[in-house]
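# Examination of the molecular architecture
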Amino acid sequence: DLEAGFTSADVIIERTFTTPMVHQGYIEPHACVARYGEDGQVLVWTTTQGHFIVRDASAGILGMDAAKLKVVPSEIGGGFGGKIPVYLEPLAIVLSRKSHRPVKMVMSRDEVFRASGPTSGTKVRMKIGAMKDGTLVAASASLYYEAGAYPGSPAGAGAMCVIAPYTIPNFLIDAYDIVVNRPKVAAYRAPGSPAAMFATESVIDEIAQKLGMDPIDLRLKNAAQEGDSAPYGPKYGPIGLRQVLEATKAHPHWKAPLGANQGRGVACGFWFNAGLNSTATVSLSADGSATVVTGNPDIGGTRVAQAMMVSEELGIPVERVRPTVADTDSIGYSDLTGGSRVCYATGMAVIKAAQDARDQLCDRAAKIWDVDPSCVAWERGRAIPLNGASDKEPLTVSVLAAKMTATGGPIVGRGTVSAPMAGPGFATNICDIEVDKETGVSRVVRYTAIQDVGKAVHPSYVEGQMQGGAVQGIGWALNEEYIYDEAGHLQNAGFLDYRMPVASDLPMIDTVIIEVPNPLHPYGVRGVGEVPIVPPLAAVANAMARATGVRFTDLPLSPPRVLKALTGA
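Described in the following lines is the structure provided in the data block.

## What about the packing of helix α7 (residues 215–222) against helix α8 (residues 241–250)?
- Orientation of α7 relative to α8, taken along the N-to-C sense of each, is 165°, at an axis distance of 10 Å. Comparing the axis directions of α7 and α8 gives the class roughly antiparallel. Crossing of α7 against α8: the hand is left-handed. Contacts between α7 and α8 pair I216, D217, R219 and L220 from the former with R242, L245, E246, T248 and K249 from the latter.
- Tallied by class, the residues present in the contact of α7 with α8 amount to three nonpolar, one polar and five charged.

Written out as structure tokens, the structure reads:
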């Protein structure tokens, strides 16, 4: 009952927030090579986050049989969601068919900015009511997302995320997909969530100021926990938001002294993390080494994580596992690399494939020992005898692999999954910003990211994901935007004028990894890559509000905008 909720509130804050269109900013532009064979078979090499998407979309666009199209994913120079759509590939295929030659197409940087998907510009009207003790009692959110020239913005995902970290008994969320005469948008790392939570976390911060509460205490008081219902329906399983907030409050950064013209902001972030379909195989070589093959391009270190999972299951050194991303003819169907799903869902397929190979090794040991397979178990990389075979010596992977031909032939383990949505991920960021009040120029002087990752399979890669997402979010908050003239022409279609942060713009991003295992995954993996970009927009804006005394509701917080707010000029 929204009306009753707001009636009972002691403090109500209502604001309208806007964010501009921004681009993913990957270093490598869109590129592909297509070869249309005289036999009608097509081979495409392309930089993509989902080569099965390229195959099926290109076949559909051209009216081809997908069985005649093979797609090989190249090493990818960044994607962040922007390398999911198909742009060049159908054109290159047609040109190759006409020319009877292979055709290479590469976008210029100008074309990347003008023609490939940025993420939506947004307007969010947010209203939240709270009691004097900080209990949130009502929330109303209306989200408007630019889709570009065709429908399909991430407004729905924004609606799922906008109040997901909090338990609020009375709420209404509206989300609108707005078609405008601009480039068709594409996914960008947690698509929809950063703009939505910029609004929520800014209002939460303002409520804390009005009530004179510590902003972390206010969030802790209302934090969602296991058993609470997410605003989009299901009940949360084990989640780590409270642990993340407690770690944030205990971090030395939170209590550190500030300098002149500095402010400190804090904000939470949420992403629901995808599941979907994945396939993997694990093949053994005669020397006891293994190859793990999947269908997901590696954009965040997932190949190493998959090799580690095979190493764990088979009990062999990770250096003896070769991870490979296969083309569309060489592995079963796999959904795209996105949604923070690969270490989670494809990881489950890898584990199943490794366990299948391990079971086959146990069967080979039973043949060698001439015992029933039930008399064999697996332990630390060896087949060990159980009751009825206790006089046998354990057999290692290398010994069993060397005897494959004599005991039944090659050993190939297979795993397929259609995984449910992964456990939701939460993060909190602390940002210290310093503002030159004469020029409006600001700089981030200290930054800390704290995140529940489920289980960090490869901790240094997890840390890199957290740092990279923070940097992208800071860029979005401070400088990045599509700038159009009055005629609707994009004015900054290049990295010289589209201002992305570089290493010299930022301090070291400190990280704290919190591990609350996800019960849906054998190792507790939750998915890491998208949550980190969600908190920075609000964390930076909240820091700016504390540093200047001005509550900014429009991004980016560029020097002209900040100076105008400070001087009224």
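## Observations concerning the sheet that holds strand β8 (residues 170–179)
- One open sheet holds the four strands; their spatial order is β1-β6-β7-β8, and the pairing between them is mixed. Each of the sheet's edge strands pairs with one partner strand only, and the pair in question is β1 (11–19) and β8. When strand polarity is set aside, the average angle formed by the axes of neighbouring strands in this sheet is 5°.
- The sheet contacts of helix α6 (residues 193–211) involve β1, β6 (122–130) and β7 (136–148), and relative to β1 the element is tilted by about 145°.

## Quick notes on the packing of aromatic side chains
- Within the structure shown, the criterion is met by 15 aromatic pairs.
- Ring plane angle 65° and centroid distance 6.5 Å describe the contact between Y236 and F270, whose orientation is recorded as edge-to-face. Note that Y236 is positioned in the loop between α7 and α8 and F270 in strand β9 (residues 262–271), a separation of 34 residues in sequence.
- Residue classification places Y236 among the buried positions, given a relative accessible area of 5%.
- With relative accessibility at 0%, the residue F270 sits in the buried group.
- With 5.1 Å between their ring centres and 50° between their planes, F270 and F426 make a pair best called tilted. Residue F270 is found in strand β9, and its partner F426 is found in strand β17 (residues 425–435); the two are separated by 156 residues along the sequence.

## Remarks on the nonpolar core
- In terms of nonpolar packing, the biggest core is built from 91 residues, with I433 and L557 touching the most fellow members.
- With nine residues, the top contributor of residues to this core is α6.
- Filtering out sequence-adjacent residues up to four positions away, I433 remains in contact with N261, Q262, G263, S442, R443, V444, V445, L478, V540, A543, M544 and A547.
- A280, A365, L395 and V417 belong to the second largest nonpolar core, which has 41 residues in total.

## Re α7
- Of all eight residues that make up α7, six are buried, and the element is covered over most of its length.
- Among the residues of α7, those classed as buried are P215, I216, L218, R219, L220 and N222.
- Those residues of α7 that are buried are in contact with β7, α6, α8, α9 (252–255), β9 and α15 (536–548).
- Looking at where α7 begins, the residue whose side-chain oxygen comes 2.7 Å from the main-chain nitrogen of I216 is D214.

What counts as what
- Numbering of residues starts from 1 in every chain and runs along the sequence as written.
- In keeping with the model being predicted, local features are shown solely for residues with a pLDDT of at least 70 and side-chain atom pairs are shown and tallied solely at 80 or more, while totals for entire chains, interfaces and linings include all residues.
- As a convention, hydrogens and water are excluded, and side-chain values are obtained from all of the structure's heavy atoms.
- Every axis corresponds to a line fitted to the C-alpha atoms, with the helix fit spanning only the stretch in contact, and the corresponding angles, defined between N-to-C directions, vary from 0 to 180 degrees.
- Only DSSP runs of H or I covering at least 4 residues are called helices, and only runs of E covering at least 2 are called strands; the numbering of each starts at the N terminus.
- Small angles under 35 degrees read as roughly parallel and large ones over 145 as roughly antiparallel, with 65 to 115 read as roughly perpendicular and the rest as oblique.
- When the near helix sits turned anticlockwise from the far one by under a right angle, the crossing is termed left-handed; a clockwise turn instead gives a right-handed crossing.
- By the convention used here, residues are in contact when the closest approach between their heavy atoms is within 4.5 Å.
- Think of it as three bins: nonpolar holds Ala, Val, Leu, Ile, Met, Phe, Trp, Tyr, Cys and Pro, charged holds Asp, Glu, Lys and Arg, and polar takes everything else, Gly as well.
- Pairing between two strands requires that DSSP report at least two bridges joining them.
- Whether two aromatic rings pair depends on their centres lying within 6.5 Å, for rings of Phe, Tyr and Trp, where Trp uses its six-membered ring; planes under 30 degrees apart make the pair stacked, over 60 edge-to-face, and the rest tilted.
- Categorising residues by exposure relies on relative accessible area from a 1.4 Å probe, with only protein chains included: less than 20% of the type maximum marks a residue as buried, more than 50% marks it as exposed, and the intermediate range marks it as partly exposed.
- Within this scheme, the nonpolar core is defined by two criteria: the residues are buried Ala, Val, Leu, Ile, Met, Phe, Trp, Tyr or Cys, and they are joined through side-chain atoms within 4.5 Å.
- Two N or O atoms form a polar contact when they lie within 3.5 Å of each other; inside protein one atom must be a possible hydrogen donor and the other a possible acceptor, and for residues adjacent in sequence the pair counts only when both atoms belong to side chains.

Treat this as a map of the structure, not an account of what it does.
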